[in-house]
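Analysis of the macromolecular model
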Amino acid sequence: YPDTDLPPKQIAPERIEKIKSWLPEQFWKRQQWYRELKIPPDTIDELSISKYAELFKKAVNEWKINPVNAAVILIQYPKRLKKRGVATEWLNESMFEEILKSYVDKKIPQDALLTTLQTVAELGMFTEEVIQNPANEKDVVEIINIAKSDCDKMAMYNQNSKSNLLMGKIMKKLRGRISAKAIADKIGFVKGVK
């Protein structure tokens, strides 16, 4: 409370600017930007007041992560983990930052992000060991051939079901080591060769 007996004191413009630099961005400006980025509507309000809002901004602007992916990882994935019974209280900004950086560096495929986050939450820290070794070409081809052989032995009337079964068998062995899209492309390539 200002002392009414003292004369008013001038505040230097430099001090005002310094104080402004400490203030977080206004949440309504964040919400507007999120809408422009077309992130899921159910994440907009929560992300705009989240402690991860600045990390989201960095991920999108500096690391060029798809805004939808970044919002889902930061806001929706922890909720999914809670529903699975995983304690998410220990997750912090540095853990998310390491996961996002590893994703940008293509060390973690997109479809392995939730599993990686779960492992990090269970460990209570991020280490390089939570990243599964990427599958090499020889392993991928071998697993695809085994899965195709297994599927060819089954009598199936619907070719879509056969494709889904094949994809499921392959991803069961390779999930987290290679992206599902890469496998789908590879299966298409392998089919074209036969």
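Basis of the calculations
- Residues numbered from 1 in each chain as written.
- Predicted model: local features only at pLDDT ≥ 70, side-chain atom pairs only at ≥ 80, totals over all residues.
- Heavy atoms only, no water.
- Helix = DSSP H or I, 4+ residues; strand = E, 2+ residues; numbered from the N terminus.
- Rg over C-alpha atoms; globule rule 2.2 N^0.38 Å.
- Buried < 20%, exposed > 50% of the residue type's maximum accessible area, 1.4 Å probe, protein only.
- Areas by Shrake-Rupley, 256 points an atom, 1.4 Å probe, with all protein chains shown as cover.
- Lys, Arg positive; Asp, Glu negative; His and termini not counted.
- Charge placed at Lys NZ, Arg CZ, Asp CG, Glu CD.
- Patch = residues over 30% accessible without salt bridge, like charges linked within 9 Å, V, L, I, M, F, W, Y side chains within 5 Å.
- Salt bridge = Lys/Arg side-chain N within 4 Å of Asp/Glu carboxyl O.
- Expected span 1.5 Å × (residues − 1).
- Arc of directions from axis to C-beta.
- pLDDT = per-residue confidence, 0-100.
- Contact = heavy atoms within 4.5 Å.
- Axes fitted to C-alpha atoms, helices over the stretch in contact; angles between N-to-C directions.
- Parallel < 35°, antiparallel > 145°, perpendicular 65-115°, else oblique.
- Left-handed = near helix turned anticlockwise from the far one by under 90°.
- Nonpolar A, V, L, I, M, F, W, Y, C, P; charged D, E, K, R; others polar.
- Core = buried A, V, L, I, M, F, W, Y, C linked by side-chain atoms within 4.5 Å.

With that out of the way, let us pick up the overall build of the chain. Per the secondary structure count, the chain includes 10 helices and zero strands. Start at the N end of the chain and walk to the C end: the helices and strands fall as α-α-α-α-α-α-α-α-α-α. For 194 residues, the compact-globule estimate of 2.2 N^0.38 gives 16 Å, and the C-alpha radius of gyration of the chain, at 24 Å, exceeds that figure by more than 25%. Reported as C-alpha extents along the three principal axes, the dimensions of the chain are approximately 95 × 35 × 30 Å. Burial statistics for the chain: of 194 residues in total, 38% are counted as buried. For the chain, the accessible area works out to roughly 13100 Å², and carbon and sulfur atoms hold 54% of it. Considering the chain, the positive charge centre built from 33 side chains and the negative charge centre built from 26 side chains are found 7 Å apart.

We now examine a nonpolar patch on the surface. Side chains of Ile-19, Trp-22 and Leu-23 sit close together on the surface and give an oily, nonpolar patch of about 350 Å² of accessible area. Mapped onto the secondary structure, Trp-22 falls in helix H1 (residues 13-22). Owing to a relative accessible area of 61%, Trp-22 belongs among the exposed residues under this scheme.

Looking at the secondary structure, you find Val-120 in helix H7 (residues 113-123). Between the alpha carbons of Val-120 and Glu-17 there is a distance of 39 Å; along the sequence they are 103 residues apart.

So, about helix H8 (residues 137-152). Here H8 contains 16 residues, and its C-alpha end-to-end distance of 22 Å stays within 8% of the 22 Å for a straight helix at 1.5 Å per residue. Within the sequence span of H8, burial applies to Val-140, Ile-143, Ile-144, Ala-147, Lys-148 and Cys-151. Here the buried residues of H8 occupy an arc of 135 degrees about the axis, which is enough to place them on one side.

Another point: the confidence of the model for the chain. Chain-level statistics for the chain give a pLDDT mean of 86 and a share of 95% at 70 or above. When the criterion is pLDDT under 50, residues 189-194 qualifies, and its contacts beyond four places in sequence or with other chains add up to six contacts.

In a pair of packed helices, the angle between the axes and the distance between the axes together describe the arrangement. Interaxial distance between helix H4 (residues 53-61) and helix H5 (residues 67-83) falls to 9 Å at its minimum, and their mutual angle equals 150 degrees. The orientation of H4 with respect to H5, classified from their angle, is roughly antiparallel. Where H4 crosses over H5, the two elements pack in a sense that is right-handed. Residues Leu-55, Phe-56, Ala-59 and Val-60 of H4 form the contact with H5, whose participating residues are Pro-67, Ala-70, Ala-71 and Leu-74. Split by residue class, the contact of H4 with H5 holds eight nonpolar, no polar and no charged.

Another aspect to go through is the nonpolar core. Judged by nonpolar contacts, the single largest core of 37 residues is most densely connected at Phe-56, Leu-74, Phe-96 and Leu-100. Contributions of two or more residues to this core are made by helix H3 (41-48), H4, H5, helix H6 (93-104) and H7. By residue number, the principal contributor to this core is H5, which donates eight residues. Setting aside residues no more than four positions away along its own chain, Phe-56 makes contact with Trp-33, Tyr-34, Leu-37, Ile-39, Leu-47, Pro-67, Ala-70, Ala-71 and Leu-74. Among the nonpolar cores identified, the runner-up in size contains 14 residues, and Ala-135, Ile-144, Leu-174 and Ile-183 belong to it.

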